[in-house]
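Overview (structure and organization)
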Amino acid sequence: MSDGSFLVSVDGQIEWLEVLAPAGSRWHCKYEFVSGPDWQLIGGLEAGLSQTANVIQNGDKVTLNLPIQIVYKSTNPHGWPQIVLSVYSGLQLEGYGRAHLPLQPGMHSLEVPLSRPQPSSFLGYLGSLFGYRPELLQPKMLATTAGNNLIRMVSSGDAKLSLNIINQNLQNLGYDVGSS
Amino acid sequence: MSSLAEEIEMCDVSSRKSSSKQSSSSKPPRPIPANRRIRPKSQIDVTSDDISEITNSESTSISDVRSYRDKIKDRFMTVKNQSLKKTTKLKRFKSHASNILNLNKSIELMRRENLEINERIKQTQVVVQESAGNISKTEMYHFFCESIEDNLETDVQLSNANQSTEDLLSSSLVEFKSRADLKLNEIFETESKIFWKPSSRYWFNSENELKFLENPYSEIAFRPFDYSSISKLETFYHKASLNPPIELSGVTISTDATLQVDIQSLKFKHHSLFSAEHVLEELLIRLYDTHREFVVSNKIERLEKKLNALRLTKTSRENADKIIDEHELEFEQHLMKYKEELAEWKNDKTKVPKPRKPIKDIDVELIRDDLQTVFRDSIRVSGEPKLSFNITHDNEVTKIVEDNQETSRRCALEALKIQMRFLCNDVEVCKTKPKLSTVPEYFSIELYETSKLFKKKIVDITVTAPHPNKTKRDKLCEMLFSTKEEVVHKHAGVGCGKTISEMFKDTNLDFNDCLQTSGFLNYSLSWNNRLKNDSAPNEISEILHNGVLDYQKLDDWTQKSNIDPEDPKTAVIFNYLKMTKSEQENREQTYFRCDPFLSSLEICKREDLEDNIRFKLLELRDKGEPEFSGMIVPNRIKEIPENIFTNYKKRIAEENLEEYLQEDDYENEINSRRSHGRKYLQQMHMRIFQMCRNTDHNLTYEDVVNEQVLLYIQLYVKTIIHNVLNWFRFQPNPSKSLPNLKPYETEALNIIENAAPPKVKIILLSAINIPTRFDTTDKADAKEIHPYVEISFVNVKVRSKTSEGKDASWNEELKISLETINTDYLNPNALIGSLSIKLFDDLDESTKIYLGCVQVPISAIFESNKMEGSFLVKLPEVIIGYKKAQEGIKNVKKTNDLQSCDTYINMKISTDHNVPKLYPDMKSFSTNEPSYIRQHVLDWNTKYNETHLDRKFSALVFDSNGKATCITRFIKPLEPPQIIEDDFDITLDQCARYISLIPVTNANKFYQHMWLTTEQLLKLGIGSLIDHAVALMCFLLSLKLEVWLILGFGIPHGSTAYILIREYNVDSDEPTHFIYDISTCKKYNITDTYCPLQKVYCIVNESNIWGNIQRNDDITNMSFDLNRRFDWIPLFNQQVTAPTYTVQKKLLYVTTYDVQKLQYSIEKKLRKKLSKLLPTRRIVWNHYISNSLKQTLSKFEKYALHGKKLKMKDLFEQLQTHKMSGYIYNYPFSNINTIVNEIIVDKFQLDENDDKLEMASAVIVQSYPNQVLSIWLILLTINSI
């Protein structure tokens, strides 16, 4: 490409969630991509919502197999895209996860740790016994640093992603990401 | 040697000369005499015997000249050759000889060197052998280094003295076999002996490789633990005390400092029991003392000298004459005066009494005699002996005295006992065992005397405590003391309180001193132990910085405070110092740096990055500079335009100089000046935003985590507890029903809604006082209007159903969704603009008549998430064909509902979406305030905000430079402009009108944290509502009104500012309070139901801020008595007063010119825009009507200024013949384009039936000082009847 930009194409899926899932709970997951100012979305969806998956047995993996496809065009590697996941059980928040997209082309499987914010007050703790969960106003904030100092998070599981990355023109511009 | 060489040289010369002679004589034979004639000359030169030889040979070979000549020639040649050979030989010999000489010298030198080296080595050997037992590696290393250095030094010295040995060696032709000849080997031998000798440490390991020291590089990163970072760990410093509250084992505590008081003696100078004799004795002693002082200081001698000097100048006779002269002069003066008075008396005999004639009473003899006696007294009679006095104290006191009184005095004296008490801090030290935590500055000693009957305190003596470090017992101090009391004794004791002259009346002792009990005390004070320094804790904290001992400071301290190194208590410190000292020295030697490795990690230099335009661009964008925010940076440098930084650099330069406010380029062009002002304000906003974004605490917890559900839970829990408690009550309240937990009654749909963009929900309830049609048509239903509401934000529009009547009701829910970019808190332009809620009349299917509009700033909605109440609809000044409510009702009674004739829409605006908002953390910004005020304000503010969550405000705001400033400093009486030419008085409404004509910015509420001064507001021509309110407040203060600034929550602007006015009625004592809303220029009574103010955060005036701590938000019941402490909490008090220096500057008013041009250009633009909008139709402008309208329009401003209303009928009388529809608007001037757009695109709707359209328009611009402009605009469509 002559315009000094490169393409990053991501195909993949959110395979399953490894969380403490009691039988009968319904799970769904929301994803969004966060990228820097130079990154242009030229294909695919920037955000998405999965189907609801029911858990039959206690401690089962929550299999979602939610496909993700997105193509970015950028001039600078600064602000490399990140994926932010929000996992819900029913309507209740179960955790947030965040990961950078892998740099190297090829197939990658990511394990994204999930965590959820803790309530700030005693009343909140009391409420959490009855199913209250504080939520982030903008889960995208996890991809930046702003306001992260204010929240206390508690770990709540893992999400398994498998992503295929294809780059174009990255090497022509002099960026060496190595090879897998 | 050298002389020989010279001779040889001489020979050489002479031989050459002779050869030349030879050549000259090689010609045909010449008479010898000729030769001989020359000879003597040559003989002078030649002195050697060779030449004599030649002469001999010459003389012998006279006979056969030819053969001889040849012979001579040959001979000469051989001689010559021989001599040549000789000379070369000699030369060589000479050089050899000199070489040898030199070598001798050098050898000598070397020998000396060697000797020296040997000696040195021997010495060091001895040293090494001595310390062979405990040589450390470093010492070895030291030794090695030093010895090498020494060798080098000696070399250098030698070479300096002479030539270096190496030079000598190289210059010599003689080869040395080896250096061994020079005994240099010895050095190596001795060295090797030393270095290989110590058995425990080897230079090489078993594999004959150099043995390395341990690698100082450690695998594990290590950093000293920083204790200060843990908030729970704190260091407290306690003063040392004797009784430690905690029993510390193994810690010896030195006995505390004890004050040693040594009272030597007490001596009275006077006491009531003194006898007269004593008094006299004391007097005598005193006199003697003064006498002695005289003697010691040679005073008599000095006086004598003085007297002599005087004697030289004047005799006694002269003195007497002088005195007589003076007397006579005086008498004459008296006489003169008398004469004058006499003359006066003669003139007017009645008034002035007759003066007496002065009598001359100068007795010359008497004066002379007096003088003589004084003179005689002062001169020692000749023959009188010179006396010198001496006091002896060895006179014995008479033991037996006849006098009764004296004996009784002695009895009393014997019975008297003197006692002393030593007091410290009013505690008697003798009896109690005092433990003093602090060393008092003073001690007092009480002196008691005990006679037979009673005990009496004589005096308190205050003694200053010695310096804590004073342990030596030094000289005795004398402390004088005295008391005032009156004592009279019956016996011979003299008592006190009398003067000496009183006491000895019979004698002529003339001393006026009062006899008082007095004396002096000899004492000494010292500490037995040195007191531990009071200042020690500070020093310790300095030394022990962050829990790490600062070695250097400890060393300094020990040296400074002279601690005894022998003392076992302090020995620890010295041990430590010694250890660290040696350790540090070691460390300095074996210093290790990773730098060489670090440098390999550096890709490029910092300068390279800065020179690279692309990297710089990326860096600036990352910093969030407004010029580059959101810019896409190309990958290649060549694609970046060269001038990309010009704007940025210009702005930076401007910011540094604050150029704008001085700049006057825009004086003439009002329009461009306004846009420049707007741009400048935007830049200021940006700067504040950047500053805020770059601080750490710019978000609050609520902005990050959604805890809204918690409010429901809180309510739920409260209700449960309330209901449970109800069971135990004697008279139970009706138990409340449990509230719905709203988020839990959701459906699956909500999952999707969760991910949806933010929405604003508007529940439209009703409207009142909508303008009614002013119609003459016959249709009955045409009179009833059909209002509907259209809500729009940016490009989204929603409309409601059509309702009916002037008090319409809709009860409808409308939703508007926003783009997500609008709610991104990191975007400085987020939440800009306002929701416009427009009221239309649905005339028929094609015609919709615009009636009015409510502008609700979108940021205000998201700030509070909820807003409900009656929103005032801003109607155009005149809607032709419609009449406003108040026009229909005549003689409106002046009731409390003063505002009830305005149009209001009743609605609820809310949003579920909680948008994070930046919050300026004032702690982290630089400030203009003194730090103590800043701290006070911050503390007060956080305390207030924590307790009143829904009334949060900040008492510190940014000024235009981004410095935190207290809001009280923005308030100062300012002179309002003179807006009416022939009237100097200005009313409240006129001030408000003037200010409301300055446009209001539509920026995010966040920027209300920056306040402009009134000067800046006028200069920029734009500002936030708060700036307007502040300006009005300042004007009103100069009108001497009782006004305050209210920061509060109101509709439709959310958190904003209002003016509170207190007025006193004649009828009642209670003052009435009014709220002035600057956005609508309306004054509301606080009891008014339509009052836009809904919550009061605080009230501000010049000198204080009062936070509202009343329980109820209700404005109508609010107390505005600021002295009530349980209603209003003041920020400043006696301890901390408000900062006095104001940021407001004096206003300069400039008259505005050049409005005609603007007027014309607006009209032109308006018409152009209209024709562009309707390209298919022909617009005919009716100039007649336009001109006549223009004239009527010019009256409007005057009426508006005086608060009167024009009557519509008068207005349009001349235009009766036409059927018209249209509006008259009044706008503050902001920008030509915005005004024109606002009118045409949104409001002016045309019916599209006709091809031809007749229209009329007129524009009037009314100017006020400082480019504040009011624009009146009329636009009509005309259908001729």
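Everything that follows concerns the structure shown earlier in this document.
Think of each chain on its own: its residues are numbered from 1, step by step along the sequence as written. Lettering of chains starts at A and numbering of ligands starts at 1, both following the order in which they are written. pLDDT decides what is reported in this predicted model: residues at 70 or higher carry local features, side-chain atom pairs at 80 or more are listed and counted, and totals for whole chains, interfaces and linings draw on all residues regardless. Heavy atoms throughout the structure, all of them, feed into the side-chain values; hydrogens and water do not.

This paragraph deals with the overall build of chain A. The secondary structure listing takes helices from DSSP runs of H or I that are at least 4 residues long and strands from runs of E that are at least 2 residues long, numbered from the N terminus. When helices and strands are counted, chain A shows one helix and eleven strands. Relative accessibility decides the category of a residue: with a 1.4 Å probe and only protein chains considered, values under 20% of the type maximum give buried, values over 50% give exposed, and everything between is partly exposed. Within chain A, buried positions represent 53% of all 180 residues. In what follows, residue pairs with any heavy atoms lying within 4.5 Å of each other are defined as contacts. Across chain A, every contact between residues at least 6 apart in sequence was considered, and the portion connecting residues at least 24 apart equals 76%. Surface accessibility follows the Shrake-Rupley procedure with a 1.4 Å probe radius. Residue values consider only the protein chains on display as shielding. Just so you have it, chain A exposes about 8,100 Å², and 51% of that area is on carbon and sulfur atoms.

To continue, consider the sheet that holds strand β17 (residues 848-857) of chain B. All names here are of chain B. For two strands to count as paired, DSSP must find a minimum of two bridges between them. Spatial strand order, β14-β13-β16-β17: four strands in an open sheet with antiparallel pairing. Lying at the two open borders of the sheet, with one neighbouring strand each, are β14 (796-799) and β17. Across the sheet, the mean angle separating the axes of adjacent strands is 20 degrees when strand polarity is ignored. Relative to β14, strand β13 (residues 787-793) runs antiparallel, the two sharing four bridges. In the strand pairing of β14, F793 is matched with V796. Axis angles are defined between N-to-C directions and span 0 to 180 degrees, where every axis is a line fitted to C-alpha atoms and, for a helix, only to the segment in contact.

The relation between two aromatic rings is expressed through the spacing of the ring centres and the mutual angle of the planes. Pairing of aromatic rings covers Phe, Tyr and Trp, the last through its six-membered ring, and needs centres within 6.5 Å; plane angles under 30 degrees mean stacked, over 60 mean edge-to-face, and all others mean tilted. Under the defined criterion, the tally for this structure stands at 23 aromatic pairs over all chains. Relative to B:F958, the ring of B:F925 lies with its centre 5.0 Å away and its plane at 80 degrees, an arrangement referred to as edge-to-face. With B:F925 in the loop between β21 (904-910) and α27 (931-947) and B:F958 in strand β22 (residues 956-958), this pair connects stretches of sequence that are 33 residues apart. For B:F925, a relative accessible area of 7% corresponds to the buried category. The exposure class assigned to B:F958 is buried, which follows from its relative accessible area of 0%. Aromatic ring contacts, followed pair by pair, group A:F6, A:Y31, A:F33, A:W39, A:Y72, A:W80 and A:Y175 into a single cluster. Note that B:R614 overlies the ring of B:F615, its terminal NZ or CZ placed 5.6 Å from the centroid. Comment: the charge-over-ring label is applied if NZ (Lys) or CZ (Arg) is within 6 Å of the ring centre and within 35 degrees of the ring normal. Lying across the ring of B:F1049, B:K1095 places its NZ or CZ 5.3 Å from the centre.

Further remarks concern the interface of chain B and chain A. Where interface size is given, it is often the accessible area lost as the parts come together that is meant. Counting residues at the interface gives 40 residues for chain B and 39 residues for chain A. Once two parts are brought into contact, the accessible area they lose, counted with a 1.4 Å probe and summed over both, makes up the buried area. Summed over both partners, the interface of chain B with chain A comes to about 3,200 Å²; 57% of that surface belongs to carbon and sulfur atoms. For B:R621, the salt bridge identified is with A:D38, shortest N-O distance 2.3 Å. N or O atoms within 3.5 Å of each other form a polar contact, as long as, within protein, one can give a hydrogen and the other can take it, and as long as residues adjacent in sequence are counted only when both atoms are side-chain atoms. The tally of links between chain B and chain A comes to eight residue pairs in polar contact (both at pLDDT 80 or more). Here a salt bridge means any side-chain nitrogen of Lys or Arg lying within 4 Å of a carboxyl oxygen belonging to Asp or Glu.

All names here are of chain B. A helix is expected to span 1.5 Å for every residue after the first. Taking 1.5 Å of rise per residue, 21 residues should cover 30 Å, and helix α8 (residues 276-296) covers 29 Å from first to last C-alpha, within 8% of that figure. Regarding α8, the residues found buried are V279, L283, I285 and Y288. Of the residues one or two after α8, N298 is the one with positive phi, at around 55 degrees.

This next bit is on the pairing of strand β7 (residues 82-89) of chain A. All names here are of chain A. In terms of burial, β7 is largely enclosed, as eight of its eight residues are buried. Of the two faces of β7, the one lined by Q82, V84, S86 and Y88 and the one lined by I83, L85, V87 and S89 are each fully buried. With eight bridges connecting them, strand β2 (residues 26-34) and β7 associate as antiparallel partners. Note on β7: the bridge partner recorded for K30 is S86. Sheet analysis places β7 next to strand β8 (residues 92-100), joined by eight bridges and oriented antiparallel. Directly across from V87, in β8, lies its bridge partner G95. The antiparallel hairpin formed by β7 and β8 contains two residues in its connecting segment, where G90 sits at a positive phi of about 65 degrees.

This part covers the sheet that holds strand β15 (residues 809-817) of chain B. Residues and elements named next belong to chain B. As summarised here, the arrangement of the four strands in space is β15-β11-β21-β18, forming an open sheet in which the pairing is antiparallel. The sheet is open, and its two borders are formed by β15 and β18 (866-872), each paired with just one other strand. Sheet twist, expressed as the average angle between the axes of neighbouring strands with direction ignored, equals 20 degrees. Both strand β11 (residues 759-768) and β21 contribute to a ladder of seven bridges, which runs antiparallel. Paired with S766 across the two strands is N906, which belongs to β21.

What follows deals with the nonpolar core. For this analysis, a nonpolar core means a set of buried residues of the types Ala, Val, Leu, Ile, Met, Phe, Trp, Tyr and Cys, connected via side-chain atoms within 4.5 Å. One finds B:L835, B:I905, B:I909, B:L1045, B:I1059 and B:I1105 to be the most contacted residues of the largest nonpolar core, which totals 159 residues. It is helix α30 (residues 1025-1038) of chain B that contributes the most residues to this core, eleven residues altogether. Non-local contacts of B:I1059, meaning those with residues more than four positions away in its chain, are made with B:A1029, B:L1032, B:M1033, B:L1036, B:V1043, B:W1044, B:L1045, B:F1074, B:I1075 and B:Y1076. Within the second largest apolar cluster, 35 residues are counted, among which are A:L17, A:F33, A:L64 and A:L173.

Glancing now at the pattern of salt bridges. Considering all chains together, one arrives at 13 salt bridges over all chains under this definition. Of the charged contacts in the structure, one is a salt bridge between B:E1063 and B:K1083, with a shortest N-O distance of 3.0 Å. Here B:E1063, found in strand β25 (residues 1054-1063), pairs with B:K1083, found in strand β27 (residues 1082-1085); they are 20 residues apart in sequence, far enough to count as distant. Taking relative accessible area as the criterion, B:K1083 reaches 28% and is therefore assigned partly exposed. By sharing partners, the salt bridges in this structure join A:E94, A:R116 and A:R133 into a single network.

This part is about unusual backbone geometry. Negative phi values dominate among residues other than glycine, just as trans dominates among peptide bonds. Looking along the chain, the bond that leaves B:I1051 and enters B:P1052 is cis, with omega of 0 degrees. With respect to the helices, strands and loops of the structure, B:P1052 is situated in the loop between β24 (1042-1050) and β25. Even without being glycine, A:N65 reaches a positive phi, approximately 45 degrees. Note on A:N65: relative accessible area 40%, which makes it partly exposed.

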